[in-house]
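Here's the letter readout for the chains.
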Amino acid sequence: WACAPSALGPRVVRVEGAGDFPCPGSPAAVHASCRLARELHAPCARVLEEIRARIDGQYDAWHDPHNNGTYSKLEDLGNGQFAFSRLTGRRIFTDLIRFSLSEEQGDKCIYRGCSESQVTSVMDFSTNYCTQYNLLCGPSSDPACPYVKHALRSTEVAVDPSAGAGTDDKACLTV
């Protein structure tokens, strides 16, 4: 993923060759999506354990802080790739998410993923970004980010939203 500055602001970068990581696909011809890459300062096994704990712990140990959506069970696609879906809090819209985790030297893990709306949409109010962010954030990125087992520390490497899709991390922590 080679990055170049974006007109969307200094925090957001465009991902050159973003097709390297495939989105799950959508039946809607026009729809919002967001590709995201984050470097996590932990081994991938710990990152995956926390992602699973958040998804499996919904409504008891953890809740989705972006409008209280519901994440489906994590599906292991093999080769370090995973998939799941998220139903919005009002149970109207579904997004599909696909991601990979790859181990890097020095106990670092690289997350590469894509969240994609399944209905006609352009403006997503950062939902496709937040669907991924909320499974990876920790108190170091935002003190309000809830976690279950491991307080993950991560750095955003690249984000590539579709036209009209948002990347506002402050929107991610709004129930």
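Read on for a plain summary of the structure. Please read all numbers here as calculations on a predicted model, not as lab measurements.

1. Description of the environment of Ser141
Of note, Ser141 is situated in the loop between helix 2 (127-136) and strand 9 (154-161). By relative accessible area, which is 25% here, Ser141 ends up partly exposed. In this structure, the C-alpha to C-alpha distance between Ser141 and Ser154, residues 13 residues apart in sequence, is 7.2 Å. Polar contacts involving the side chain of Ser141 include one to the main-chain carbonyl oxygen of Gly138, which spans 2.9 Å.

2. As for the packing of aromatic side chains
The full count for this structure, using the stated rule, is 6 aromatic pairs. Ring plane angle 25° and centroid distance 5.3 Å describe the contact between Phe82 and Phe99, whose orientation is recorded as stacked. Note that Phe82 is positioned in strand 6 (residues 81-87) and Phe99 in strand 7 (residues 94-104), a separation of 17 residues in sequence. A single burial state applies to Phe82 and to Phe99, both of which are buried.

3. Some details on the state of the cysteines
On inspection of all chains with the given rule, the structure shows 4 disulfides. One disulfide in the model links Cys23 with Cys114; its S-S distance is 1.9 Å. Classification of the bridge connecting Cys23 and Cys114 rests on its S-S torsion, roughly 75°, and on that basis the disulfide is right-handed. Here the residue Cys23 occupies a position in the loop between strand 2 (9-16) and strand 3 (33-40), and Cys114 occupies one in strand 8 (residues 108-117), the gap between them amounting to 91 residues. Each member of the pair, Cys23 together with Cys114, is buried. A sulfur-sulfur separation of 1.8 Å characterises the disulfide bridge that pairs Cys137 with Cys145. Its S-S torsion of approximately 75° makes the covalent link between Cys137 and Cys145 right-handed. Here the two residues Cys137 and Cys145 agree in accessibility, since each one is buried.

Conventions and cut-offs
Residues numbered from 1 in each chain as written. Predicted model: local features only at pLDDT ≥ 70, side-chain atom pairs only at ≥ 80, totals over all residues. Heavy atoms only, no water. Helix = DSSP H or I, 4+ residues; strand = E, 2+ residues; numbered from the N terminus. Buried < 20%, exposed > 50% of the residue type's maximum accessible area, 1.4 Å probe, protein only. Polar contact = N/O pair within 3.5 Å; in protein donor to acceptor, adjacent residues only side chain to side chain. Phe/Tyr/Trp six-rings, centres within 6.5 Å; stacked < 30°, edge-to-face > 60°. Disulfide = S-S within 2.5 Å.

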